[in-house]
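# Per-entry structural report
Listed below are the residues making up each chain.
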Amino acid sequence: MTRTALRIVGCVALALAGGAGLLSPTAAWARRPAVVSTAPADGAALSTPPDRIELSMSGAPDPALSHLSVRDGGGAEVAGGDLTAAGHVLRRPVTVQGVGDFTVTYHVVLSNGEEAVGQLSFSVGTGAPPAARPANAAPETHQHGIDPLNAILLIVDGAVVFGVLLLLISRPGPRSQARRRLSGRDPVAE
């Protein structure tokens, strides 16, 4: 094999190894933080209304970037007050009036940038657990748009990596330059 072919094979192997690392389910970016426990628990049948919702997380939540809503069976918001965090616990006060099923939808961002999204439900005063959600129902979540700055930086990073790979492939090796000098063709003068 020639040096150029070896360089191409090496670059392709390096790109494949890097891609495999990024696509690995054990990659750091693929892991999601866990909700360790909730108060009230998912599916709880409460006799008295809670005064707050608590999510215990596997890491420290950032209340400024997190969202938590609590809605009654008619879709009216019953959560009030700001989200607060103490250690790994995220809290939000609620004012639950009446009986029925309530749904908590959350999007929690941890201080290290990881995110957890989910939904839980509980009932108050009915004596029965809340109605089961359909198994294929996705939790109600809000959507964040694509951050334009990060999108531009990702495109620039990809262009830089592509340019470096092109330079590595097309750059003549030191032996090629020495052969040209010995043959009378000076690559610097060309």
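The structure reproduced in this document is the subject of the present report. (Residues numbered from 1 in each chain as written. Predicted model: local features only at pLDDT ≥ 70, side-chain atom pairs only at ≥ 80, totals over all residues. Heavy atoms only, no water.)

## Quick notes on the sheet that holds strand β3 (residues 52-57)
- Read across the sheet, four strands follow the order β1-β3-β6-β5 without closing on themselves; strand pairing throughout is antiparallel. At either margin of the open sheet sits one strand with a lone partner, and together these are β1 (35-39) and β5 (84-86). Between one strand and the next, the sheet's axes are offset by a mean angle of 20°, whatever the strand orientation.
- Relative to strand β6 (residues 89-93), β5 is paired through three bridges, and the arrangement is antiparallel. Its bridge partner being in β6, Ala-86 is matched across the sheet by Val-89. (Pairing = 2+ DSSP bridges. Helix = DSSP H or I, 4+ residues; strand = E, 2+ residues; numbered from the N terminus. Axes fitted to C-alpha atoms, helices over the stretch in contact; angles between N-to-C directions.)

## A closer look at the pattern of salt bridges
- According to the stated counting rule, one finds four salt bridges in the structure shown.
- In this structure, Arg-52 engages Asp-51 in a salt bridge whose closest nitrogen and oxygen atoms are separated by 3.4 Å.
- The closest approach of N and O atoms between Glu-77 and Arg-71, which form a salt bridge, is 3.8 Å.
- Residue Arg-71 is classed as partly exposed on the basis of its relative accessible area, which comes to 32%.
- Each member of the salt-bridge network shares a partner with another, and the members are Asp-51, Arg-52, Glu-54 and Arg-91. (Salt bridge = Lys/Arg side-chain N within 4 Å of Asp/Glu carboxyl O. Buried < 20%, exposed > 50% of the residue type's maximum accessible area, 1.4 Å probe, protein only.)

## Brief notes about the environment of Glu-114
- Along the polypeptide, Glu-114 turns up in the loop between β7 (100-109) and β8 (115-124).
- Take Glu-114: its relative accessible area is 24%, and that puts it in the partly exposed class.
- Considered as a pair, Glu-114 and Gly-59 are 55 residues apart in the sequence and their alpha carbons are 8.9 Å apart.

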